[in-house]
Amino acid sequence: MSTKLRIFMTGVGGQGTLTATTLLARAALSVGLPVTSGEIHGMAQRGGVVESTLLIGCKSPKIGPGEADILLGFEPLETLRALPYLKPGGVVLSSSETMPPPSVATGKESAPSVDDIRAKVAAKCGSSCFLPVRSLGVQAGAVQSGNIALLGALCAMGALPFGKEVLANTIRATMKPKVAEINIKALELGAACPA
Amino acid sequence: MASPLLNGAPGETHLLLGNEAIVRGAVEAGIQFVSCYPGTPSSEVPDTFFRLSPEGAYTFEYSVNEKVALEVSGGATLAGALCLVTMKHVGVNVAADPLLTLTYTGAPGGLVLLSADDPGCHSSQNEQDNRIYARLAGLPCFEPSTAQEAKDMTRAALTISRELAAPALLRTTTRVNHLRGPVTLAEPTVLPKPAGFQRDPARFVPIPAFARPMHQRQLERIEKLRALAEASPFNAVSGAGAVGVVASGISRAYLADALDETGLAGKVKVLDLGFTYPLPEKLIGDFMAGLSTLLVVEELEPVLETEIRALAQRLGISLNILGKTPGPLPRIGEYDVAMVSAALRQAAGLPQPETAACACGADPDVPLANRPPNLCAGCPHRATYAAVRKVYGDTAVYSSDIGCYTLGILPPLKAADFLVCMGSSISAGSGAAKAAGQTVVGFIGDSTFFHSGITGLINAVFNQHNILVVILDNRTTAMTGHQPNPGVDKTNLGDNPVRVDIESVVRGVGVTQLRKVNPLNQKATLMAIEELKALSGVRVLIAEEPCPLFARRTLGVKRSQVAYVTGDCASAKADGSCGDCLNTLACPAFYVQDGSMAIDPLLCSGCMLCLQFCKNIKARKGDAK
């Protein structure tokens, strides 16, 4: 396979960024794609930034600046922070709901508004889509399933070499039936988002 | 559910974390004995072995430190068991003493040491290159670059180790431990039960008269291992041309992508080194013959580069060798595809493209607000630090140690002034206090206390040092993922039947000035610290309260209440008035809305520490979380 695809994912510790990454990697492997993914743990659990990668057709598990075809941001400030990883003309999918870092939540520092972030991202990428990931998760039945809504939107944009049925099958194969049901609902909700 | 790691059938392909692939490789080799001390990025290896231990055909233990872990397995291999010992890179320093003599006595049952190195210091205090230990101790060294190789090399290292009774090094880096990739399984080997220790003093007791011939035998073994490295499938030549590249470890993955990126695939000669020590000298000599330029790609120290330069000199091969002495590649941090592409173009005499553009270009934005890792809401360390800071302020020097509590370095707690390594808080703190008579408070967690704090405490008692040691006992090894330690009440497999009591240990080594508190009781904690402050000599405060994450997940503790700020709270402003818990505690559940402090009920863990700081914060019944 000569087509390469690099997806950079970013979020906040505890959001389930790594769960989404593994699900996507399993889905890619289930259709026979040469997939590698990478993640940096360590202190991530304590509310820090969690970054992960998914690469198809590459040996490296790492994505350098300007190399990502797709940027998936599970929190808008982190989407903006990771923008340097996106290649010119790349695709951005992001949550539109903020989880401000403590310094911002307590008024010691300021952060750009979601509208600012949307505008900056739109100006710098090929196409972008912002969706209310946590709300969609709650609507589907569990706030954590919001990440899967973001993956649903990614499928709907045609940005992956496989469709949402493949993800749905992977969800069914790897999660308990009750959890799978919620996540498939989130997948559908997300898939309905991109206009 | 049956785990593919134990029960997967040969030929099946699974997506595995590098660390899970190591577990499967060990299972395929017939692993019989696993000991470890956890540490990022190695921890998923022992944690997976532990989780699967009820159905696994191996003995597993979390040892109290890396030296002990290696010694326990060192004994097990003398008794004939095939052993794996896992730790992070700095742990090998702790284990270096047994390591350098185990290669004299040898490992009759086989023994592999996993050293998980951390280029870039993602979660470590240094980025030392443990390939140098392979040279120092005389260990064959394997360096995987993919999940499949992590599995295959673990198996090969264990098998070779057993065949030659040679302890071996499996050296990974963070990216390898934490990548995921497809792994095709193979049939596990079934080994006979360990035969038991066979008495042979000349082989196993390194008194000087025996140690000298042991060293001779160790050198002979290295030559046998070199012959294996020469023929190893993990060392492979590809491509053609007058420019050559040698790469090892994860750099091989970057090189493979860089060859595609630069269009140089097939146009340069490549030597992939996976079995990297002893150096396959004939293979490398043949590879170098006829080359005009050789690029060596390896992260951290110029280990291969230096050895290859010496080899070229010895063989009389004249060629231009590029690497990191002086360049173009750096000696610090991780590599990536772009960095290797640039070095490759330089070696091949190709022009460098204009700086690779990213989507954002040069964004003139001011730096974004950081999101540093922080002590969790409800973390008992916050309570202890707040009390110590209230009593001592900046008048004490805070000697810190390794664990979640190192995060106390952040303002407003600022409870970490210096830090060396695991267990150093007490010993380095003792020395710092003695040198110039400064007041020193040392902080150490429960697992770190068992790891190597006890020796420092005994030393402080014996040498009559003047230090207040605060043992932050959160009943688990929190930072690395809640691994059991000798003091825990419970693990995720059940109760700990042999709980070692920290207070008894402290009293047992001769400490008489001791207080024990629950740090969430701020008044009692403050009183205890005041009392200890008034005394001199070795004083110990044990601050005991379970990590709230561990309490919820493993101890089954449900949150019964949450804190909230009362509506009429005029003083709960962010202006520094009132109890000012916003600025003194900095709990992640706090936020400011319309100029007033508020508490996020979803993040609040119900520890009720803030209630004790401000009368305007009250408790209400919370949802069970």
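So, how was this worked out
- Residues numbered from 1 in each chain as written.
- Chains lettered and ligands numbered in written order.
- Predicted model: local features only at pLDDT ≥ 70, side-chain atom pairs only at ≥ 80, totals over all residues.
- Heavy atoms only, no water.
- Helix = DSSP H or I, 4+ residues; strand = E, 2+ residues; numbered from the N terminus.
- Rg over C-alpha atoms; globule rule 2.2 N^0.38 Å.
- Buried < 20%, exposed > 50% of the residue type's maximum accessible area, 1.4 Å probe, protein only.
- Contact = heavy atoms within 4.5 Å.
- Areas by Shrake-Rupley, 256 points an atom, 1.4 Å probe, with all protein chains shown as cover.
- Salt bridge = Lys/Arg side-chain N within 4 Å of Asp/Glu carboxyl O.
- Buried area = accessible area lost by both parts, 1.4 Å probe.
- Polar contact = N/O pair within 3.5 Å; in protein donor to acceptor, adjacent residues only side chain to side chain.
- Nonpolar A, V, L, I, M, F, W, Y, C, P; charged D, E, K, R; others polar.
- Pairing = 2+ DSSP bridges.
- Disulfide = S-S within 2.5 Å.
- Axes fitted to C-alpha atoms, helices over the stretch in contact; angles between N-to-C directions.
- Phe/Tyr/Trp six-rings, centres within 6.5 Å; stacked < 30°, edge-to-face > 60°.
- Lys NZ or Arg CZ within 6 Å of the ring centre and 35° of its normal.
- Core = buried A, V, L, I, M, F, W, Y, C linked by side-chain atoms within 4.5 Å.
- Domains from an automatic or database assignment.
- Right-handed = clockwise from strand over helix to strand, strands pointing away.

Undergrad: Tell me about the overall build of chain A, and name the residues and values.
TA: A tally of regular secondary structure across chain A gives eight helices and six strands. Secondary structure elements of chain A, listed N to C terminal, follow the sequence β-α-β-β-β-α-β-α-α-β-α-α-α-α. Its C-alpha radius of gyration of 16 Å places chain A within 12% of the 16 Å reference for a compact globule of 195 residues. Here chain A holds 195 residues, and 57% of them are scored as buried. For chain A, contacts bridging at least 24 residues in sequence account for 64% of all contacts bridging at least 6. Accessible area of chain A: about 7200 Å², with a carbon and sulfur share of 55%.

Undergrad: Describe the pattern of salt bridges, with residues and values.
TA: Residue and element names in this part refer to chain B. Scanning the model with the defined rule gives 37 salt bridges over all chains in all. Salt-bridge contacts for Glu307 lead to Arg135; the nearest nitrogen and oxygen are separated by 2.8 Å. Of this pair, Glu307 sits in helix 14 (residues 303-315) while Arg135 sits in helix 7 (residues 131-137); the two residues are 172 residues apart in sequence, bridging distant segments of the chain. Overall, Glu307 belongs to the partly exposed group, its relative accessible area being 21%. The partner of Asp501 in a salt bridge is Arg499, and the shortest N-O contact between them spans 3.8 Å. When its relative accessible area of 38% is taken as the criterion, Arg499 is described as partly exposed. Because the salt bridges share partners, they merge into one network encompassing Asp117, Asp129, Arg131, Glu143, Arg171 and Glu298.

Undergrad: Tell me about the interface of chain B and chain A, and please be specific about residues and values.
TA: On the side of chain A, 52 residues touch chain B, which itself brings 53 residues to the contact. Between chain B and chain A, the buried area comes to about 4400 Å², and carbon and sulfur atoms account for 58% of it. Here chain B and chain A share five salt bridges between them. Arg371(B) is paired through a salt bridge with Glu78(A); the nearest N and O atoms lie 2.6 Å apart. Where chain B touches chain A, the interface holds 15 residue pairs in polar contact (both at pLDDT 80 or more). Listed by contribution, the elements that provide at least two residues to the side of chain B that touches chain A are strand 1 (13-17), helix 9 (174-177), strand 8 (179-184), helix 12 (251-262), helix 15 (337-348), helix 21 (548-553), helix 22 (581-584) and strand 23 (590-593) of chain B. Top contributing element to the side of chain B that touches chain A by residue count: helix 12 of chain B, with six residues. Broken down by class, the residue content of the side of chain B that touches chain A amounts to 29 nonpolar, twelve polar and twelve charged. Bridge count for strand 2 (residues 35-39) of chain A against strand 8 of chain B is two bridges, and the pairing is antiparallel. Its bridge partner being in strand 8 of chain B, Ser37(A) is matched across the sheet by Arg180(B).

Undergrad: If you had to explain the state of the cysteines to someone new, which residues and values would you point to?
TA: Residue and element names in this part refer to chain B. Taken as a whole, this structure holds zero disulfides over all chains when the rule is applied. Among the cysteines around Cys121, which has no disulfide bond, Cys421 carries the closest sulfur, lying 15 Å off. Note on Cys121: relative accessible area 31%, which makes it partly exposed.

Undergrad: Help me get a handle on the sheet that holds strand 2 (residues 33-36) of chain B, residues and values and all.
TA: Residues and elements named next belong to chain B. Taken together, the seven strands give an open sheet; going across it, the order is 3-2-4-5-7-6-12, and neighbouring strands pair in mixed fashion. At either margin of the open sheet sits one strand with a lone partner, and together these are strand 3 (59-62) and strand 12 (275-277). Sheet topology note: the strand 6 (residues 141-142)/strand 7 (residues 168-173) ladder contains two bridges and is parallel. Directly across from Phe142, in strand 7, lies its bridge partner Leu170. Contacting strand 2, strand 3, strand 4 (83-88) and strand 5 (111-117), helix 4 (residues 66-78) crosses the sheet at an angle of about 170 degrees to strand 4.

Undergrad: Now, about unusual backbone geometry: what can you tell me, with residues and values included?
TA: Residue and element names in this part refer to chain B. Residue Pro278 follows Tyr277 across a cis peptide bond; omega there is 0 degrees. Looking at the secondary structure, you find Pro278 in the loop between strand 12 and helix 13 (281-288). Residue Pro326 is reached from Thr325 by a cis peptide bond, and omega for that bond is 10 degrees. Here Pro326 lies in the loop between strand 14 (320-322) and helix 15. Of note, the phi angle at Met608 is positive, near 65 degrees, even though the residue is not glycine. Judged by relative accessible area, which is 10%, Met608 ranks as buried.

Undergrad: Please provide a residue-by-residue account of the packing of aromatic side chains, values included.
TA: All names here are of chain B. Under the definition given, this model contains eleven aromatic pairs over all chains. Both rings, one in Tyr398 and one in Phe443, keep their centres 5.8 Å apart while their planes meet at 35 degrees; by these two values the pair is tilted. With Tyr398 in strand 15 (residues 397-399) and Phe443 in strand 16 (residues 440-445), this residue pair connects regions lying 45 residues apart in the sequence. Per residue, the accessibility class of Tyr398 equals that of Phe443, and both read buried. Seen in terms of ring centroids, Phe449 and Phe450 are 6.1 Å apart; in terms of plane orientation they differ by 65 degrees. Their pairing is edge-to-face. Accessibility assignment for this pair places Phe449 and Phe450 in one class, buried. In textbook terms, an aromatic cluster arises when at least three aromatic residues are bridged by ring pairs, as seen for Phe50, Phe60 and Tyr62. Of note, Lys269 hangs over the ring of Phe287, and the distance from its end group to the ring centre comes to 5.2 Å. Here the guanidinium or amino end of Lys533 rests over the ring plane of Tyr392, the centre of that ring lying 5.2 Å away.

Undergrad: Pulling in residues and values, what's your account of the nonpolar core?
TA: Taken as a class, soluble globular proteins show a tendency for nonpolar side chains to be buried jointly. Residue and element names in this part refer to chain B. Judged by nonpolar contacts, the single largest core of 64 residues is most densely connected at Ile31, Phe49 and Leu295. When residues of this core are assigned to their parent elements, the largest contribution, seven residues, is made by helix 8 (residues 147-164). Residues from two domains meet in this core; each of domain 1 (4-230) and domain 2 (232-348) gives at least three. With sequence-adjacent residues up to four places away left out, Ile31 is seen in contact with Ala26, Phe49, Ala57, Tyr58, Leu82, Cys83, Leu84 and Leu158. By size, the runner-up hydrophobic cluster in this structure holds 46 residues, among which are Tyr398, Tyr405, Leu468 and Ile529.

Undergrad: Got a sec to walk through the pairing of strand 16 of chain B? Specific residues and values, please.
TA: Residue and element names in this part refer to chain B. Strand 16 sits mainly inside the fold: six of its six residues count as buried. Sheet topology places strand 15 next to strand 16; three bridges connect them, and they run parallel. Paired with Val397 across the bridge in strand 16 is Val440. Taken together, strand 15, helix 17 (residues 424-436) and strand 16 constitute a β-α-β crossover, and its handedness is right-handed. Pairing of strand 16 with strand 17 (residues 467-473) involves five bridges; the strand directions are parallel. When the sheet's bridge partners are listed, Phe443 is paired in strand 17 with Val470. Following the backbone out of strand 16, through helix 18 (residues 446-462) and into the adjacent parallel strand 17, one traces a crossover that is right-handed.

Undergrad: Give a description of the pairing of strand 13 (residues 293-297) of chain B that names residues and reports values.
TA: Residue and element names in this part refer to chain B. Here strand 13 lies mainly inside the structure; five of its five residues are buried. The sheet contact formed by strand 10 (residues 243-248) and strand 13 spans five bridges and is parallel. Within strand 13, the position partnered with Gly244 by the bridge is Leu294. The pairing of strand 13 with strand 14 spans three bridges and is classified as parallel.

Undergrad: Any chance you could break down the sheet that holds strand 8 of chain B for me, citing the residues and the numbers?
TA: The strand order across the open sheet formed by eight strands is 6(A)-5(A)-4(A)-1(A)-3(A)-2(A)-8(B)-1(B), and the pairing between neighbours is mixed. Where the open sheet ends on each side, the last strands, each with one partner, are strand 6 (127-131) of chain A together with strand 1 of chain B. Taking the axes of each pair of neighbouring strands and ignoring which way they run, one obtains an average angle of 20 degrees across the sheet. The pairing of strand 2 of chain A with strand 3 (residues 49-56) of chain A spans five bridges and is classified as antiparallel. The residue bridging Val35(A) from the neighbouring strand is Ile56(A), located in strand 3 of chain A. Along the sheet, helix 1 (residues 17-30) of chain A contacts strand 1 (5-12), strand 2 and strand 3 of chain A together with strand 1 and strand 8 of chain B; its crossing angle with strand 3 of chain A, the most-contacted strand, is approximately 5 degrees. The strands that helix 4 (residues 114-124) of chain A touches are strand 5 (86-95) and strand 6 of chain A; relative to strand 6 of chain A, the one it contacts most, it runs at about 160 degrees.

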